[in-house]
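# Structural overview
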Amino acid sequence: MASVHESLYFNPMMTNGVVHANVFGIKDWVTPYKISVLSLLYEMTTSKIALQEKRRLNKLILPLQQGPDLQLGQFLKTVEDCCPQTAFAVKIRLNEMADGELKDMEFFFTTLPNPTFDSEAYKTSVVGLFIRHMLLAYNKLSFSQVYKLYKSLQHYYHMGVPTFVADDSDMDLTSTEVTIGDKMERELDSPLTFCVRNEDPVSRGPLSQKQAEYFLAKQAYLLKNDDNKALRPAKLQEELNNMLKFNPDFAEAHYLNYLNSMRVQDIYISTHSLLHYFDRLILSGSEGKSNGDEGYGRSLRYAALNLASLHCRFGHYQLADLALQEAIRIAQESNDHVCLQHCLSWLYTLEQMKGSDSSVLTEDSVKMAAHFCLPYLASLGIQSLVQQGAVQGKSAHELMDALKDTDILHWKHSLSELIEISLAQTISIWRMYGKSTMAQQQAQLLLNMSSLEPVNFGVTQNNTEAFAVALCHLAELHAEQGLYGGTTEIFKHLKEQFPPHTQHAKLWMLCDLKIQFEKHMNDGKYHLAQPLVPAIRAQNKTEGLYRKAQVLKSLSRTTEAYRILQKLQVHCEKTRCTETIIRVLLSTAELHWESSDFSTGLPLLLQALTLSRKHHLQALASRTLLHLAFTQLMLGVPEQALSVLHEALEPILAHGGIMDKGRALMLAARCQMALVATRPNGREQAAVAIHTLDEAASYFSTLNCKERLRDVRYLQARLHSSLGQTAQRNRCAMLFHLLDRELQTPRAPTDMRL
Amino acid sequence: MSKEIVTFTFLEFGDLVQIKKQLISVISLCKERGLVHSVKWASELAFALDPLPKDELPPSHLVSEEDVQDLDAFALAKSYFDLKEYDRAAYFLRGCHSKKAYFLYMYSRYLSGEKKKDDETVDSLGPLEKGQVRNEALRELRVELSKKHRAGELDGFTLYLYGVVLRKLDLLKEAVEVFVEATHTLPLHWGSWLELCNLVTNIEMLKSLSLPSCWIKDFFMAHIYTELQMIPGALQKYQSLIEAGFSKSTYIISQIAVAYHNIRDIDQALALFNELREQDPYRIENMDTFSNLLYVKSMKPELSYLAHNLVEIDKYRVETCCVIGNYYSLRSQHEKAALYFQRALKLNPRCLGAWTLMGHEYMEMKNTSAAIQAYRHAIEVNKRDYRAWYGLGQTYEILKMPFYCLYYYRKAHQLRPNDSRMLVALGECYEKLSQQVEAKKCYWRAFSVGDVEKMALLKLAKLQEQLTETDEAAQSYIIYIQEIFSCGEQLEHVEVSTALRYLGQYYFKNKLYDEASLCAQRCCDYNDAREEGKALLRQISQVRDQTETPSGELFVSLSDNNTPIKRVSPLNLSSFTP
């Protein structure tokens with residue numbers, strides 16, 4: 001803190017309370033690095049260089065001139081790659097200056113080629129301008145500044161060119177009389193300083209303006225696109241503090257600080273930094289620009305809007321609402337339609353987050369955005385509408401049409417981010433409809449798509465929410481097919497790409513828990529599934545309740561399960577969460593079965609069927625049909641059951657999960673068994689049933705679902721017995737016996753469950 | 001020689017003579033070492049005590065062998081030091097071994113580094129480099145001092161210097177430890193205590209420090225209580241110090257005045273400052289605070305006199321510039337005021353008050369962006385400056401961003417939890433955001449912590465009126481009126497009339513006519529409410545007439561029961577209809 005005070009010296013060029021960063025109106029300052037570039041230019045104009053090398057050097061000039069300051073070592077290396085001879089000459093020249101006296105540097109500046117019409121460095125060329133700029137800047141320096149420049153040149157040279165002088169010059173002073181204790185301390189210290197040094201040239205003390213800008217730009221880009229590659233939050237914070245200590249006016253650093261604290265969910269620092277940033281921005285906005293007043297008010301509006309988004313991120317919807325109202329009011333007062341559109345899009349997002357219907361607002365937003373030619377906001381609105389429409393059961397072709405239309409817009413304006421979202425949305429919609437193949441195909445499309453944005457810093461943008469969603473769906477699809485190996489791989493990747501502290505990590509966490517839960521339930525390890533329930537509940541309350549009911553049902557604590565399901569149904573009807581309602585209905589029906597009350601479940605199942613058909617939820621519809629067929633079987637109408645089952649069998653085998661496939665086939669076999677006695681071709685029927693059971697068994701064995709496998713073996717044994725195939729019967733009976741011994745739990749009556 | 005002092009240190013207040021002796025000896029010690037501010041402080045205190053008789057004067061210090069050896073070099077170096085030629089002083093002291101010489105040697109090196117740093121800032125090599133200017137000597141000093149420190153060779157003064165070096169290097173934790181050690185070795189050196197004051201940020205930290213029990217600790221505690229805004233504690237401490245015999249000390253008077261200023265007890269503070277000016281007419285320190293008070297009281301002639309007086313004494317002092325800035329501000333010449341605050345900052349960029357005051361000036365000039373910058377600078381200098389936070393809040397309030405300014409007001413409130421102004425400001429913001437519940441809480445809290453401007457209750461009442469919480473509103477108005485009349489002076493009668501008007505109507509509605517007529521009569525005392533008051537009085541008398549008839553009616557109805565012949569009251573016409 002103290003040194004911040006010290007650094008606040010009064011700027012002589014402060015007018016009207018605003019400090020101008022540019023004290024003498026010079027954009028370029030002579031730095032040691034610039035001197036190295038100048039000497040390179042000097043060498044290039046004076047000495048003879050082969051054409052090939054000259055060409056390479058010429059290509060190098062622009063990036064060197066306009067890029068951030070480099071370390072001498074880096075600089076020499078880049079030059080050396082093009083032309084070793086010149087690099088050597090440059091080094092010699094710098095050495096002359098650094099190891100010589102002040103006059104050597106002064107001499108160098110006087111000998112610099114004066115850009116004229118005839119020389120290679122033409123007066124108005126890039127190089128000519130640069131040289132003239134530098135000369136001008138150098139000539140403006142006062143004596144003490146020149147001396148300081150020389151000192152820093154010496155420092156720069158010795159830092160870049162390792163000589164006998166110890167690398168860390170600040171330690172030199174102590175080393176004259178090092179005691180043993182000190183030596184130990186030094187040894188402890190030095191590896192630390194070394195790794196800091198090797199890791200990133202940035203982490204040492206002050207940076208030049210350009211270096212700082214480059215650093216900020218790079219880190220901000222990384223934070224946006226792949227924050228695993230950015231510096232660790234703590235480290236980045238340290239860097240920023242360092243930067244701000246040396247230049248408290250560097251507003252962008254505050255913004256990066258805000259982004260960084262958002263990463264670690266620190267509301268205090270992020271609010272503080274955000275406000276600080278805008279306080280600073282308001283200043284720079286009003287500084288001298290032609291549209292001074294405009295820029296100033298503008299940043300105010302966006303400041304309020306950003307504050308709203310911050311509160312939204314942290315789930316403070318009421319505060320976000322207030323901030324948003326404020327932004328809207330200011331934007332309205334100053335007739336800023338673009339800002340208003342942004343506000344509107346936040347408004348409907350906020351409404352949506354609060355759980356209320358916002359489709360009217362969204363439609364308005366889309367219309368207005370289209371009117372003001374804001375393609376980004378327009379298609380964002382359409383996507384939001386599609387999402388709402390999908391939940392509300394709009395017809396599939398409308399949704400897909402809308403998405404297709406926006407896609408055209410995205411490609412036209414190359415809005416790669418929105419393309420990703422659109423693909424992710426398609427995946428989700430296909431999944432919701434129960435078309436796993438289509439979903440899979442879209443997921444692959446998204447994951448294999450190369451981004452439209454230019455690749456900077458070796459990072460492609462692949463840590464957006466869209467990617468997380470796609471990967472989660474993919475994991476679930478794999479799990480449904482019993483490919484747990486693939487699922488684990490996907491989660492490993494997700495964990496790397498979205499570490500637990502990041503924003504989108506919750507997506508995969510919930511997904512992971514759900515998959516584990518399902519797996520344990522299938523295996524019949526309820527005691528393992530039970531501890532997962534609170535974890536799921538922490539992520540998603542509704543889902544957690546539903547899972548709890550499932551566990552309770554499996555543990556035969558029927559009354560408790562029933563109560564929870566009732567509560568859940570009421571809740572979901574309020575929030576219009578159709579998928580959960582259907583699942584709750586199915587579970588309730590299953591509860592009724594447990595008490596052998598099959599007819600009570602029927603109306604529930606029929607309700608579920610209507611709902612799922614209305615919302616085009618094919619997977620759930622087929623599952624409901626399965627339940628219906630089972631009920632009919634139990635009610636003693638196997639023929640009806642079989643015909644209902646046939647309706648569901650095809651979609652299930654085509655799209656359903658492996659568990660559903662197995663269950664459907666087993667049910668089919670049981671219907672066939674029930675028909676054996678009545679049909680004339682009983683034996684054939686029985687043989688068909690055995691075959692169907694075999695198929696079901698193969699599905700169950702991939703899932704390693706031993707309980708159901710045991711049921712299958714039992715049924716098979718009985719069938720074989722009725723056919724008089726003793727050998728096969730004995731084999732099945734033996735398999736059954738083995739499984740039974742392994743499971744140790746008494747076998748639930750097969751009739752009672754699907 | 002420091003041993004000699006250590007033996008004294010565990011004295012209690014009782015012996016003022018001893019204290020005086022200690023002060024005299026420490027003055028000479030500090031003087032030898034060029035610690036001018038500590039000398040000043042100690043001398044001021046010593047001056048406030050009765051003079052000692054000749055034979056009781058403390059003997060001049062024992063001179064050690066080493067001191068004798070270094071005598072000439074030290075004298076030479078000290079003369080160079082006094083002439084601010086620090087490098088030269090250090091050069092001649094480099095071979096000396098005595099502790100005194102060693103301290104001066106290190107101190108010269110430190111000051112030389114500081115001076116160079118200040119000079120450097122003027123011609124830096126680029127915009128980003130301006131923050132990079134550092135006192136290059138610090139690192140070396142730290143290395144050398146830490147070595148000696150580990151060996152236990154540092155005396156009180158060098159410990160102090162070591163602490164200062166650590167603080168400048170931002171090693172605050174270590175610095176606190178060293179300063180505490182310094183106060184233990186040499187409790188009489190006020191500089192160490194003062195540095196400690198700047199480093200202690202909260203009361204918990206203060207409690208965790210183990211400080212030597214010496215009379216000087218009471219001064220320290222009082223000072224730090226003022227810093228930490230624990231004014232009652234500070235005032236109590238200072239009072240006990242005055243009673244112990246330091247009643248003549250200008251230092252204590254000024255400190256008490258500042259403390260009163262901090263709790264906005266303006267009259268007390270003004271009286272003390274006037275006393276101070278009488279005792280010490282050429283004093284410039286704290287005069288900026290004095291001018292703030294005069295400004296708040298809008299005492300133009302006094303402020304103008306003070307400004308002229310200070311300009312005569314020394315016009316290139318930060319305090320003088322602040323006083324002149326205040327003077328111009330009071331005369332609504334805000335450009336000039338800003339100019340003078342800028343000048344103050346030029347003289348000392350770390351001057352916190354000037355940044356804030358400049359922010360206020362820019363606010364007056366409607367230059368919000370410059371105001372924001374000034375306030376931000378103030379916050380950078382001291383994060384705990386509540387006025388700057390409050391100012392930022394006000395700026396955004398002017399820009400019509402009530403939600404946005406909530407954050408700033410909240411910050412200010414955090415720093416001054418018992419200041420009603422922040423609470424009222426917060427309440428107003430909440431009211432604008434139509435968060436009435438929060439607003440009511442704020443206003444009520446503002447009243448409970450002692451409302452300075454007496455506005456909180458009125459606002460609360462109006463809010464309750466809006467929310468049609470009539471009883472609560474009436475209650476608030478009643479307390480408001482009581483408050484206003486109990487404080488004696490009439491502030492703004494307009495608002496009293498509003499309260500009276502409301503109360504009149506309220507009582508009228510609740511059929512408490514006596515109270516209502518009382519309120520209405522009081523209303524008539526105020527111009528703007530006279531007509532309404534009269535109207536209400538008329539209404540009351542009308543209703544009273546009517547109520548008399550109904551009471552007659554009641555009587556009639558009662559009598560009706562007795563005499564069944566006259567069944568219908570004269571007003572009841574309905575039954576006459578056929």
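Criteria and thresholds
Along each chain, numbering runs from 1 in the same order as the chain's sequence is written. Key to labels: chains lettered from A, ligands numbered from 1, both in the order written. Residues qualify for local features only when their pLDDT is at least 70, as the model is predicted, and side-chain atom pairs are given and counted only at 80 or more; totals for whole chains, interfaces and linings, by contrast, use all residues. Heavy atoms throughout the structure, all of them, feed into the side-chain values; hydrogens and water do not. UniProt positions are given in the numbering used here, feature names are shortened, and annotations may be inferred rather than shown by experiment. Here a helix means four or more residues in a row that DSSP labels H or I, a strand means two or more in a row labelled E, and each is numbered from the N terminus. When a residue's accessible area, from a 1.4 Å probe over protein chains only, is under 20% of the maximum for its type it is buried; when over 50% it is exposed; and in between it is partly exposed. Here, residues are in contact when the closest pair of their heavy atoms is within 4.5 Å. The predictor's confidence in any single residue is recorded as pLDDT, a number from 0 to 100. Only Phe, Tyr and Trp rings take part, Trp by its six-membered ring, and two of them pair if their centres are within 6.5 Å. Stacked means planes under 30 degrees apart, edge-to-face means over 60, and tilted covers everything else. Placement of a charge over a ring requires the Lys NZ or Arg CZ to be within 6 Å of the ring centre, with the centre-to-atom vector within 35 degrees of the ring normal. Here the term patch refers to residues with relative accessible area over 30% and no salt bridge, with like charges joined within 9 Å and nonpolar side chains (Val, Leu, Ile, Met, Phe, Trp, Tyr) within 5 Å. Each accessible area is a Shrake-Rupley estimate made with a 1.4 Å probe; only the visible protein chains count as cover when residues are assessed. One speaks of a salt bridge when a side-chain nitrogen belonging to Lys or Arg is within 4 Å of a carboxyl oxygen belonging to Asp or Glu. Note on charges: Lys and Arg go in the positive column, Asp and Glu in the negative column, and His and the chain ends are not counted at all. We put the charge of a Lys on NZ, of an Arg on CZ, of an Asp on CG and of a Glu on CD. Expected helix span is given by 1.5 Å per residue-to-residue step, counting one fewer step than there are residues. What qualifies as a polar contact is a pair of N or O atoms within 3.5 Å, subject to a donor-acceptor requirement within protein and to the restriction that residues adjacent in sequence count only when both atoms come from side chains. Nine residue types can take part in a nonpolar core, namely buried Ala, Val, Leu, Ile, Met, Phe, Trp, Tyr and Cys, and a core is a set of them joined through side-chain atoms within 4.5 Å.

- Naming follows an unreviewed UniProt entry, where chain B appears as Cdc23 domain-containing protein of Gadus morhua.

- Going by what an unreviewed UniProt entry lists, chain A is known as Anaphase-promoting complex subunit 5 and is assigned to Gadus morhua.
- Looking at chain A in UniProt, the text filed under Sequence similarities (unreviewed entry) is "Belongs to the APC5 family."

### Considerations on the overall build of chain B
- Secondary structure assignment for chain B yields 30 helices and zero strands.
- Per-residue burial over chain B gives 52% buried out of 578 residues.
- Residue pairs in contact within chain B that sit at least 24 positions apart in sequence constitute 54% of those at least 6 positions apart.

### Looking at the confidence of the model for chain B
Residue and element names in this part refer to chain B.
- Here chain B averages 82 in pLDDT, and 87% of its residues register 70 or above.
- Across residues 550-578 the pLDDT falls below 50, and counting only partners more than four positions away or on other chains, this stretch makes seven contacts in the model.
- Both scores are available for the predicted complex, with the pTM at 0.73 and the ipTM at 0.71.

### Concerning the packing of aromatic side chains
Residues and elements named next belong to chain B.
- All chains considered together, the criterion is met by 41 aromatic pairs over all chains.
- Taking the centre distance of 5.3 Å and the plane angle of 45 degrees together, the rings of Trp444 and Phe447 count as tilted. Taken as a pair, Trp444 and Phe447 lie in helix 25 (residues 436-448) at a separation of three residues, close to a single helical turn.
- Relative accessible area serves as the criterion here: at 42%, Trp444 is assigned to the partly exposed category.
- Cluster of aromatic residues (ring-pair linked, three or more members): Trp41, Trp190, Trp215, Phe219, Phe246 and Tyr251.
- Its guanidinium or amino end placed over the ring of Trp389, Lys411 lies 5.5 Å from that ring's centre, counting from NZ or CZ.

### Quick word on a positive patch on the surface
- Side chains of Arg537(A), Lys541(A), Lys548(A), Arg563(A) and Lys567(A) sit close together on the surface and give a patch of like positive charge.
- Those elements that place two or more of their residues in the positive patch are helix 28 (541-554) and helix 29 (558-575) of chain A.

### Considering the UniProt feature "repeat: TPR" (unreviewed entry) in chain B
Residue and element names in this part refer to chain B.
- Those residues carrying the UniProt feature "repeat: TPR" (unreviewed entry) are residues 250-283, 318-351 and 352-385 in this numbering.
- Structurally, residues 250-283 comprises 79% helix and 0% strand, and the distance from its first C-alpha atom to its last is 10 Å.
- Across residues 318-351 one finds 79% helix and 0% strand; the C-alpha atoms that close the span lie 8 Å apart.

### As for helix 17 (residues 337-354) of chain A
Residue and element names in this part refer to chain A.
- In a regular helix each residue adds 1.5 Å, so 18 residues correspond to 26 Å; helix 17 covers 25 Å between its end C-alpha atoms and thus fits that length.
- Turning to helix 17, its buried residues number three or more, namely Cys339, Leu340, Gln341, Cys343, Leu344, Ser345, Leu347, Tyr348 and Leu350.
- Capping the start of helix 17 is the job of one residue whose side-chain oxygen sits 3.3 Å from the backbone nitrogen of Val338: Asp336.
- Within two residues after helix 17, Gly355 carries a phi angle of roughly 90 degrees, on the positive side.

### Re the side chain of His627(A)
Residues and elements named next belong to chain A.
- On the secondary structure map, His627 appears in helix 32 (residues 618-634).
- Among the residues examined, His627 registers a relative accessible area of 1% and is labelled buried.
- Within the structure, the side chain of His627 is placed 2.6 Å from the side chain of Glu590, a separation counted as a polar contact.

### Observations regarding unusual backbone geometry
- Even without being glycine, Asn335(A) reaches a positive phi, approximately 55 degrees.
- Locating Asn335(A) in the fold gives a position in the loop between helix 16 (317-333) and helix 17.
- Of note, the phi angle at Lys84(B) is positive, near 65 degrees, even though the residue is not glycine.
- Tracing the backbone shows Lys84(B) in the loop between helix 4 (65-82) and helix 5 (86-93).

### Considering the environment of His272(A)
- Note on placement: His272(A) falls in helix 14 (residues 267-286).
- For His272(A), a relative accessible area of 24% corresponds to the partly exposed category.
- In this structure, the C-alpha to C-alpha distance between His272(A) and Lys218(A), residues 54 residues apart in sequence, is 23 Å.
- Discounting chain neighbours no more than four positions away, the residues touching His272(A) are Arg376(B), Trp389(B), Tyr407(B) and Lys411(B).
- Polar contacts involving the side chain of His272(A) include one to the side chain of Tyr407(B), which spans 3.2 Å.

### With respect to the UniProt feature "domain: Anaphase-promoting complex subunit" (unreviewed entry) in chain A
- The UniProt record annotates "domain: Anaphase-promoting complex subunit" (unreviewed entry) at residues 254-353 and 592-649 of chain A.
- Taken end to end, residues 592-649 of chain A comprises 84% helix and 0% strand; its first and last C-alpha atoms sit 24 Å apart.

### Overview of the nonpolar core
- One finds Tyr110(B), Trp215(B), Phe219(B), Phe220(B), Tyr396(B) and Tyr404(B) to be the most contacted residues of the largest nonpolar core, which totals 221 residues.
- Membership of the second largest hydrophobic core comes to 100 residues, among which are Leu494(A), Ile564(A), Val584(A) and Leu642(A).

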